[in-house]
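In case you want the letters, here they are:
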Amino acid sequence: MRSRSADRQKGRPVTRKSASAERTVVAIYPGSFDPVTLGHEDIARRCLSFADQVIIAVTQHATHAKKPLFTVQERLEMLREVFAGEKRIACTAFDGLLVDFARERGARFVIRGLRAVSDFEYEFQMAQMNRELSADLETLFLIPDLAFSFLSASLVREVASLGGDVSRFVSQPVFRRLEKRLRA
Ligand code: PNS
């Protein structure tokens, strides 16, 4: 008999003992994704080893708002292109509080990537606030591949806008959009 974890890893539908024996594990990976980088992609794919369904959720209200390069709709389009082959990853936008969106979607976990100690303070504050707002929602921190430990969307935006080559930091659909936006 095939194990459910093997099914999960191979992207096959996971069989259930019964509806109550095991709930579908939904994880939300929220962020600005302006634009999605290879680091984000790495984190999202890592979630597939423990979640049945991953929802990549683009916020309309970033806690640390920066001057956006792409609209939320454009960011979503890029995410959908990048994850087109991943049946268990859905991409959507959300308005309002993350905890409310998570409850609406039946998510047990919020996923955040942690690159370095410098990320910790901001992440710790948000995780604690989210726990105050919704005690059942657990924040999980995942560490990206070492190759992406320095990578951030804001650095990609800056380097690209100053004429640097960011082709090895983002997927092709994102690179093409950056070129179009910045070289137009
Ligand atoms: O990629 P970012 O900008 O660091 O992501 C921040 C994000 C989306 C996780 C945060 O801004 C968020 O959750 N925004 C939704 C509004 C909300 O719930 N704010 C309270 C957070 S404690």
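Scroll up to find the structure this text is about.
Basis of the calculations
Residues numbered from 1 in each chain as written. Predicted model: local features only at pLDDT ≥ 70, side-chain atom pairs only at ≥ 80, totals over all residues. Helix = DSSP H or I, 4+ residues; strand = E, 2+ residues; numbered from the N terminus. Buried ≥ 20, exposed ≤ 12 C-beta atoms within 10 Å, placed from the backbone. Contact = placed C-beta atoms within 7 Å. Core = buried A, V, L, I, M, F, W, Y, C linked by C-beta atoms within 7 Å. Near = placed C-beta within 6 Å. Nonpolar A, V, L, I, M, F, W, Y, C, P; charged D, E, K, R; others polar. Pairing = 2+ DSSP bridges. Right-handed = clockwise from strand over helix to strand, strands pointing away.

A. Inspection of the overall build of the protein at higher detail. Scanning the protein from terminus to terminus reveals 7 helices and 5 strands. Each helix and strand of the protein, ordered N terminal to C terminal, gives the series α-β-α-β-α-β-α-β-α-β-α-α. Burial analysis of the protein (184 residues in total) assigns 29% to the buried set. The long-range share in the protein, meaning contacts at least 24 apart out of those at least 6 apart in sequence, stands at 74%.

B. Spotlight on helix 2 (residues 38-47). When helix 2 is considered as a whole, its buried residues turn out to be G39, H40, E41, I43, A44 and C47. Where helix 2 is buried, its residues meet strand 1 (26-31), strand 2 (53-59), helix 3 (72-82), strand 3 (89-94), strand 4 (109-113) and strand 5 (138-142).

C. Main features of the environment of A93. Examined against the element boundaries, A93 turns out to sit in strand 3. Look at A93 and you get partly exposed, because 16 C-beta atoms sit within 10 Å. For the pair A93 and S32, spaced 61 residues apart in the sequence, the C-alpha separation amounts to 9.7 Å. Each residue touching A93, except ones within four places of it in the same chain, is listed here: V58, Q60, V72 and L76.

D. Local environment of the nonpolar core. Formed by 37 residues in total, the largest nonpolar core has its most connected members in I28, Y29, V54 and I56. It is strand 2 that provides the largest number of residues to this core, a total of 5 residues. Other than its neighbours up to four places away in sequence, I56 contacts Y29, A44, L79, I89 and C91.

E. Highlighting unusual backbone geometry. In this structure, P35 follows D34 across a cis peptide bond, with omega equal to 0°. Note on placement: P35 falls in the loop between strand 1 and helix 2. A positive phi is found at F33, a non-glycine position, where the angle reads about 50°. When you line up the elements, F33 lands in the loop between strand 1 and helix 2.

F. Summary view of the site of the ligand. Around the ligand sit 13 residues, and of these G31, S32, T59, T63 and L98 come closest. Those elements that provide at least two residues to the shell around the ligand are strand 1 and helix 5 (117-133). Residue contributions to the shell around the ligand peak at 3 residues, all from helix 5. When the residues that make up the shell around the ligand are grouped by side-chain class, the tally is 6 nonpolar, 7 polar and no charged.

G. Representation of the pairing of strand 1 in the model. Counting buried residues along strand 1, 5 of its 6 residues qualify, which places the element largely inside the surrounding structure. Alignment of strand 1 against strand 2, held across 6 bridges, turns out to be parallel. Within strand 2, the residue paired with V26 across the bridge is Q53. Running through helix 2, the crossover from strand 1 to the neighbouring parallel element strand 2 is right-handed. As judged from the 2 bridges shared by strand 1 and strand 4, these two strands associate in the parallel manner. When the sheet's bridge partners are listed, A27 is paired in strand 4 with F109.

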